[in-house]
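Tertiary structure, described
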Amino acid sequence: MDLQKMKVEDKVELCKKYFYGGFALLPFLWVVNFVWFFKEAFIKQHYEQQQQIRSYVIKSLIGAIIWTAIFITWVTLFQLYRASWGATADYISFIIPRGIA
């Protein structure tokens, strides 16, 4: 998609959709939103709707960072304590290690 060919109102609408889409357990949309609209929000000459886009871009970056931190924390805790959680960890595991055969 070429953002240069879009109307400013459509850019704001797309940026807004990607931001809210990140809340639907699709945090990758926040990263995409940040990357796609960074120039539009911070580098291009000022225009009326730029402040809205900048707001969504900053919020998308913050959301992506928070989600990444939570995900890394969860993976680390699960890897460290899975064995001590017993059957509960086995129920939420996709692959259950059988141990040494």
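An unreviewed UniProt entry lists the protein under the name Gamma-secretase subunit PEN-2, with Lingula anatina given as the organism. Annotation of the protein in UniProt includes, under Subcellular location (unreviewed entry), the sentence "Membrane".

What describes two packed helices is the angle between their axes and the distance between those same axes. The interhelical angle for the contact between helix α2 (residues 28-43) and helix α3 (residues 50-81), taken along N-to-C directions, is 145°, at an axis separation of 8 Å. As for the relative orientation of α2 and α3, their crossing is left-handed in sense. Between α2, through Trp30, Val31, Asn33, Phe34, Phe37, Glu40, Ala41 and Phe42, and α3, the contact on the second element is made entirely by Gln50, Ile53, Arg54, Tyr56, Val57, Ile58, Ser60, Leu61, Gly63, Ala64 and Trp67.

The tally for this structure, following the rule as stated, stands at three salt bridges. Here lysine 11 ties to glutamate 40 by a salt bridge, and the two come within 3.2 Å at their closest N and O atoms. Residue lysine 11 is located in helix α1 (residues 8-21), and its partner glutamate 40 is located in helix α2; the two are separated by 29 residues in the primary sequence. By relative accessible area, which is 5% here, lysine 11 ends up buried. On the basis of relative accessible area, glutamate 40 is assigned to the buried category, the value being 4%. Across the pair arginine 82 and aspartate 90 runs a salt bridge whose closest N-O atoms are separated by 3.1 Å.

The next subject is the nonpolar core. Grouped together as the largest cluster of nonpolar side chains are 15 residues, with contacts concentrated most on Leu14, Cys15, Phe37, Ile53 and Val57. For this core, the secondary structure elements donating two or more residues are α1, α2 and α3. Considering each element in turn, this core owes the most residues, five residues, to α1.

Reading the values: the criteria
Residues numbered from 1 in each chain as written. Predicted model: local features only at pLDDT ≥ 70, side-chain atom pairs only at ≥ 80, totals over all residues. Heavy atoms only, no water. UniProt positions renumbered as here; feature names shortened; annotations may be inferred. Axes fitted to C-alpha atoms, helices over the stretch in contact; angles between N-to-C directions. Helix = DSSP H or I, 4+ residues; strand = E, 2+ residues; numbered from the N terminus. Left-handed = near helix turned anticlockwise from the far one by under 90°. Contact = heavy atoms within 4.5 Å. Salt bridge = Lys/Arg side-chain N within 4 Å of Asp/Glu carboxyl O. Buried < 20%, exposed > 50% of the residue type's maximum accessible area, 1.4 Å probe, protein only. Core = buried A, V, L, I, M, F, W, Y, C linked by side-chain atoms within 4.5 Å.

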